[in-house]
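Overview (structure and organization)
Listed here are the chains, written in short residue letters.
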Amino acid sequence: FVARPGLDWAVVKAGTRIATSSLRRQLMLSAAKPGVTLLPLRGNVDTRLRKLAEGEYDAMVIAVAGLKRLGRVDVPHEPLDVKIMLPAPAQGALALEVKTSRHDISQIVAQLDHQATRRCVEFERAFLGAVGGGCGSPVGAYARLQAGGVLFEGFFAHEGEAVGKR
C-alpha cells in the first residue's frame, strides 16, 4: 500500500481513490474497504509514483517485490496483511525445468529444491486448478506449513459474482 503522505491503511474510508492494475487486488480491496473508489493503474513504477504525487489517486497497491527489484525500497509503503490481500498462487516462487535426459543437471537443481516451499506451491496451484483459474483470473492463495499440516487460505471470484468472505 503506497499512499500520499499522511494516509495509512487503517484510516482508509469510503471514497478514497485507490489505483491498482490487478482485478484480484481490486476485488479484495473492495471487500476490505467497502466504498473505496478503484482506479486503473498504468505505467512503470516511476510513472505510477509521479501520478500519485500529482494527486491522480490517493493511494495505490503494487507488489513490494517490484519496488525491491527496482531498488526503490526508499518509497514509503505499508505491506498489507495476507488477511486483507492474498497473493496470487505461487507468487514469488521460482521454478526450474530440466530436460528429463539431463540427469546431471537434475541432481544439481535438486539441491536447490526447498520442500516446504514446494509443498505450499503445490497446494496453491492445486487450488488454482480446482477453481479453473488462469493467469488473468482473480485468484488469491496462501499456503503455509503449520503444526504438521498445511494452513491454507484462498480467494476467487467469477465474472459477475459478488465477492464473499474467504
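Residues numbered from 1 in each chain as written. Predicted model: local features only at pLDDT ≥ 70, side-chain atom pairs only at ≥ 80, totals over all residues. Heavy atoms only, no water.

Some details on the packing of aromatic side chains
Defined as follows: Stacked, tilted and edge-to-face pairs are distinguished by plane angle, under 30 degrees for stacked and over 60 for edge-to-face with tilted covering the rest, among Phe, Tyr and Trp rings (Trp via its six-membered ring) whose centres lie within 6.5 Å. Starting at the N terminus, helices and strands are each numbered in turn, a helix being any DSSP run of H or I of at least four residues and a strand any DSSP run of E of at least two. Remark: exposure states derive from per-residue accessible area (1.4 Å probe, protein chains only) relative to the maximum for the residue type, with buried under 20%, exposed over 50%, and partly exposed in between. Working rule: Lys NZ or Arg CZ, within 6 Å of ring centre, within 35 degrees of ring normal, means a charge sits over the ring.
Per the stated rule, a full pass over the model turns up three aromatic pairs. Judged by centre distance (6.1 Å) and plane angle (70°), the ring pair of Phe127 and Phe156 falls under edge-to-face. Of this pair, Phe127 sits in helix α5 (residues 115-130) while Phe156 sits in strand β6 (residues 149-156); the two residues are 29 residues apart in sequence, bridging distant segments of the chain. Using a relative accessible area of 17% as the deciding quantity, one classes Phe127 as buried. Here a set of aromatic residues connected by ring pairs shows up, and it is made of Phe127, Phe152 and Phe156. If you follow Lys33 out to its NZ or CZ, it ends over the ring of Trp9, 5.0 Å from the centre.

Side note on the side chain of Glu124
Just so we agree on the cut-off: A residue counts as positive if it is Lys or Arg and as negative if it is Asp or Glu; His and the chain ends are not included. Throughout this description, the term salt bridge denotes a Lys or Arg side-chain nitrogen within 4 Å of a carboxyl oxygen of Asp or Glu.
In this fold, Glu124 is placed in helix α5. At 7.5 Å, Arg144 is the nearest oppositely charged side chain to Glu124, a buried residue that forms no salt bridge.

Concerning the pairing of strand β3 (residues 37-40)
Worth spelling out the cut-off: Any two strands with at least two DSSP-identified bridges between them are counted as paired. A crossover gets the label right-handed when its path from the first strand over the helix to the second runs clockwise, viewed with the strands pointing away from the viewer.
Strand direction decides the pairing type here: strand β2 (residues 17-20) and β3, joined by four bridges, are parallel. Bridge pairing in β3 places Ile18 opposite Leu38. Regarding the hand of the β-α-β motif, the stretch spanning β2, helix α1 (residues 23-32) and β3 is right-handed.

Thoughts on α5
We apply this condition: Working rule for helices: expected span equals 1.5 Å times residues minus one. Comment: arc refers to directions from the helix axis out to C-beta atoms. By the convention used here, residues are in contact when the closest approach between their heavy atoms is within 4.5 Å.
If you check α5, its first and last C-alpha atoms are 22 Å apart, about what 16 residues at 1.5 Å a residue would give, namely 22 Å. Of the residues making up α5, those classed as buried are Cys120, Val121, Glu124, Phe127 and Leu128. One side of α5 holds all its buried residues, which, seen down the axis, span an arc of 120°. Exposed positions of α5 whose direction lies more than 90 degrees from the buried face are Gln115, Arg125, Gly129 and Ala130. Those residues of α5 that are buried are in contact with β5 (139-146) and β6. Gly132 occupies a position one or two residues after α5 and carries a positive phi of about 70°.

A short note on the sheet that holds strand β4 (residues 59-60)
With respect to topology, four strands assemble into an open sheet ordered β1-β4-β2-β3, the strand pairing being mixed. Strands with a single pairing partner mark the edges of an open sheet, and in this sheet they are β1 (2-3) and β3. Direction of pairing for β2 relative to β4: parallel, over a ladder of two bridges. Across the sheet, the residue bridging to Ala19 is Met60, located in β4.

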